[in-house]
Amino acid sequence: MSQEFDVIVIGAGVSGLYSLYKLRELGLSARVFEAGTGIGGTWYWNRYPGARFDSESYSYQYSFSQEVIDEWEWTEHFSGQPEIERYLHYVADKFDLKRDIELNARIATAVYDDVEKTWEIETTNGVRARARFVIAATGLLSAHQFPDYPGVESFAGRALHSARWPKETIDFSGKRVGVIGSGPTAVQIIQSIAPEVDHLTVFQRTANWCTPLRNRPITTAEQKELKQKAHQIFDLCKRTWAGFIHDPDPRAGVDVPKAERLKRYQELYDRGGFALWLGNYSDSFTSRLVADEVAEVLAAKIRARVKDPATAEKLIPKSHTFGTKRCPGEKNYYETFNRDNVSLVDLRATPITRITPTGIETGDATHELDVIIYATGFHSVTGELMRIDIRGERGVSLQEHWSDGPKTNLGVQFSGFPNFFAVMGPHNPALFCNITRCAESNVEWIIGCIRYMREHGFETIKTTTEAEAAWTERCYKSAKGLLIDDMQDSWFFGSTNPANIRGRFLLFAGGVPAYREIFADVAAKGYEGFDLS
Ligand code: NA7
């Protein structure tokens, strides 16, 4: 027996919780199905040591409730995972959202009924439900990935993935620990656990340009000011190209004297967060001169901070210039490599050949380990949707529809999948966008669309194939001319996804303000590019 709802929401993370709140406001019945045993999405799964925001806490928080803004006090400029998870519980409890959330309910299939024009889902534990609409609030980085080294299963010690971290505290004292990966997650783990472990071996394939996070407690005076300015902060995020509080200098860096540029880089380096990445000059994503210059500045910092010159050289990225990947926010990351109990293995020079029962074998050595931490990232953007067997009109699967890379209209709909919406699917601006800012506006657009349909007596909406093709092309083009296009080995391009979508730009790089305008325009024109019936 299927339970019946107006809307089924997949996922109880930041987007799913807000979707439920907005659906209730519209007077619709909704059920959220969440794979985890708790709410929080990203902030439920990624509970590894050192996990914290890379967005300022007050720019990431929800904007929809003044009471929430007034009541909740962030303790740090970049709060840690436990506090973020508590915040999401506080919001869910405040609005009594949990009664409509089914936990431990991973959706295995979502099938469209062409006759009834409804969706039926089934969870892996056999729960079934039907609804006219589905909102997939599945996140961009949800489907974690393990490397396929031979012997991964054979390791007899403890193997952990950063995105499936257990709830219990893990005691690393006296342990020989290996971390595979050097992305933002690995950086947070490495700098946190190094003082605790007996020995830490970092297995790095690609070095990253890390910038100082400069996290600090929020003082009482700042607290007051941040609350007063909350809406100014949200407005600023709406205006900036990247959806963050960092507003670049409107001048092109190439038009500014070099001495002035260097001074600005230092100021941004001192400011912390994504300031150097997103608050630089207006041409910092297109000018190789500016990007390379920042890279040189950072390389000099690494050389100054890391005592062993050979280690410093390994930590300086050689494969990509500054800004072409998200930069990990660090605190004493580079100094970590000055510790006697930390060593760095360059996987480009000595690749991992296999995982053994007692450790990791590289070309030239065997590293005996008690714990292996995989901080190896995700099947980005499309991964979680592709993991569900989603079948639209005439039983066509999403896997088939996307066999040549994802195709979407505005990132929210896929042709042949009527009434199925994705909040943070491919082709949205999340490449840079602060997730809550973009999630809120996408959810509002989807809910606005459902409201419009109800008011005008429409039962189904589906994107036209022409509009889908045009938006998909526009997304590919949006990366052209940007330096990120030269560095396709990143999750923006799905480099860790199954081979069929490798090399396809998965997002929209035209900027948050442009995306919001396009969204508003499409709605104002009665959902141009979508068939309503
Ligand atoms: P990322 O940024 O995708 O980083 C994954 C890391 O894992 C990266 O250093 C990868 O090296 C490395 N990796 C992946 N597969 C392997 C194998 N097989 N062998 C060795 N190393 C490997 O994920 P994160 O979780 O760090 O961060 C995701 C986002 O979370 C981030 O953008 C922030 O928004 C927060 P590679 O670079 O591919 O050589």
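Calculation rules
- Residues numbered from 1 in each chain as written.
- Predicted model: local features only at pLDDT ≥ 70, side-chain atom pairs only at ≥ 80, totals over all residues.
- Heavy atoms only, no water.
- Helix = DSSP H or I, 4+ residues; strand = E, 2+ residues; numbered from the N terminus.
- Rg over C-alpha atoms; globule rule 2.2 N^0.38 Å.
- Buried < 20%, exposed > 50% of the residue type's maximum accessible area, 1.4 Å probe, protein only.
- Contact = heavy atoms within 4.5 Å.
- Areas by Shrake-Rupley, 256 points an atom, 1.4 Å probe, with all protein chains shown as cover.
- Lys, Arg positive; Asp, Glu negative; His and termini not counted.
- Charge placed at Lys NZ, Arg CZ, Asp CG, Glu CD.
- Disulfide = S-S within 2.5 Å.
- Phe/Tyr/Trp six-rings, centres within 6.5 Å; stacked < 30°, edge-to-face > 60°.
- Pairing = 2+ DSSP bridges.
- Axes fitted to C-alpha atoms, helices over the stretch in contact; angles between N-to-C directions.
- Left-handed = near helix turned anticlockwise from the far one by under 90°.
- Nonpolar A, V, L, I, M, F, W, Y, C, P; charged D, E, K, R; others polar.
- Near = heavy atom within 4 Å.
- Polar contact = N/O pair within 3.5 Å; in protein donor to acceptor, adjacent residues only side chain to side chain.
- Domains from an automatic or database assignment.
- Buried area = accessible area lost by both parts, 1.4 Å probe.
- Salt bridge = Lys/Arg side-chain N within 4 Å of Asp/Glu carboxyl O.

**Considerations on the overall build of the protein**
Thinking step 1. Regarding its fold elements, the protein presents 18 helices and 20 strands.
Thinking step 2. Over its C-alpha trace the protein gives a radius of gyration of 23 Å, about what one expects of a compact globule, namely 24 Å for 533 residues.
Thinking step 3. Of all 533 residues assigned to the protein, the portion counted as buried reaches 60%.
Thinking step 4. Pairs at least 24 residues apart make up 72% of the contacts formed inside the protein by residues separated by at least 6 positions.
Thinking step 5. With the model as given, the accessible surface of the protein reaches about 20800 Å², and the carbon-plus-sulfur share is 50%.
Thinking step 6. Distance between charge centres in the protein, computed from 61 positive and 70 negative side chains, equals 2 Å.

**A few points about the state of the cysteines**
Thinking step 1. Evaluated as defined, the whole model comprises 1 disulfide.
Thinking step 2. Its sulfur unpaired, Cys 327 is 8.3 Å from the next cysteine sulfur, which belongs to Cys 210.
Thinking step 3. By relative accessible area, which is 4% here, Cys 327 ends up buried.
Thinking step 4. Cys 475 carries a free sulfur, and the closest cysteine sulfur to it, the one in Cys 438, is 13 Å from it.

**Let's talk about the packing of aromatic side chains**
Thinking step 1. Tallying each qualifying case throughout the model produces 44 aromatic pairs.
Thinking step 2. Centroid distance Tyr 62 to Phe 64: 5.2 Å. Interplanar angle 65°. Geometry classified as edge-to-face.
Thinking step 3. Here Phe 64 falls in the partly exposed class, since its relative accessible area comes to 21%.
Thinking step 4. Members of the aromatic cluster, joined through ring pairs, are Tyr 18, Tyr 21, Trp 43, Phe 53, Tyr 60, Tyr 62, Phe 64, Trp 72, Trp 74, Tyr 87, Tyr 90 and Phe 95.

**Observations regarding the pairing of strand β15 (residues 365-368)**
Thinking step 1. Bridge analysis of strand β14 (residues 359-362) against β15 gives 4 bridges, and the strand direction is antiparallel. If you follow Thr 362 over to β15, its bridge partner there is Ala 365.
Thinking step 2. Taking the residues between adjacent antiparallel strands as the criterion, β14 and β15 are bridged by 2 residues.

**Points about the sheet that holds strand β9 (residues 199-204)**
Thinking step 1. Read across the sheet, 5 strands follow the order β7-β16-β8-β9-β12 without closing on themselves; strand pairing throughout is parallel. Every interior strand has two partners, whereas the edge strands, β7 (158-161) and β12 (342-346), have only one. Each neighbouring strand pair of the sheet contributes to a mean axis angle of 20°, computed without reference to strand direction.
Thinking step 2. With 4 bridges connecting them, strand β8 (residues 176-180) and strand β16 (residues 371-374) associate as parallel partners. Bridge pairing links Val 179 to Ile 373 in β16.

**What to know about the packing of helix α1 (residues 14-25) against helix α16 (residues 435-455)**
Thinking step 1. Running from N to C, α1 and α16 point in directions that differ by 35°, and their axes come no closer than 9 Å. Like other packed secondary-structure pairs, α1 and α16 cross with a definite hand, here right-handed. In this structure, α1 contributes Val 14, Ser 15, Tyr 18, Ser 19, Lys 22 and Leu 23 to the contact, and α16 contributes Thr 436, Ala 439, Glu 440, Val 443, Glu 444, Ile 447 and Ile 450.
Thinking step 2. When the residues that make up the contact of α1 with α16 are grouped by side-chain class, the tally is 7 nonpolar, 3 polar and 3 charged.

**With respect to the site of the ligand**
Thinking step 1. Around the ligand, the surrounding shell holds 22 residues, and the nearest of these are Tyr 149, Thr 185, Arg 205, Thr 206 and Arg 326.
Thinking step 2. Interatomic distance of 2.8 Å between a side-chain N/O atom of Arg 205 and an oxygen atom of the ligand.
Thinking step 3. A per-class count over the shell around the ligand returns 9 nonpolar, 8 polar and 5 charged.

**Examining the domain arrangement of the protein**
Thinking step 1. You can read the domains of the protein as domain 1 (3-143 + 379-532), domain 2 (146-210 + 327-377) and domain 3 (242-323).
Thinking step 2. Measuring from the centre of the C-alpha atoms in domain 2 to the corresponding centre in domain 3 gives 27 Å.
Thinking step 3. Opposite the 16 residues of domain 2 that make contact, domain 3 presents 18 residues.
Thinking step 4. Interface area, domain 2 with domain 3, both sides summed: about 1600 Å², of which 64% is carbon and sulfur.
Thinking step 5. Three residues, Trp 209, Cys 327 and Tyr 334, lead the burial of domain 2 against domain 3; their summed loss comes to 48% of the area buried on that side.
Thinking step 6. One salt bridge connects Glu 330 with Arg 305, and the closest N-O pair in it is separated by 2.9 Å.
Thinking step 7. Our count for the contact surface shared by domain 2 and domain 3 stands at 6 residue pairs in polar contact (both at pLDDT 80 or more).
Thinking step 8. Those elements giving two or more residues to the side of domain 2 that touches domain 3 turn out to be α13 (333-336) and β12.
Thinking step 9. Here the side of domain 2 that touches domain 3 takes 3 residues from α13, the largest share from any one element.
Thinking step 10. Looking at the side of domain 2 that touches domain 3 residue by residue, the classes come out as 8 nonpolar, 5 polar and 3 charged.

**Quick look at helix α6 (residues 184-193)**
Thinking step 1. Of all 10 residues in α6, 8 are buried; the element is thus mostly enclosed.
Thinking step 2. Those residues of α6 that fall on the buried side of the exposure criterion are Thr 185, Ala 186, Val 187, Gln 188, Ile 189, Ile 190, Gln 191 and Ile 193.
Thinking step 3. On its buried side, α6 packs onto β8, β9, β11 (329-330), α13 and β16.

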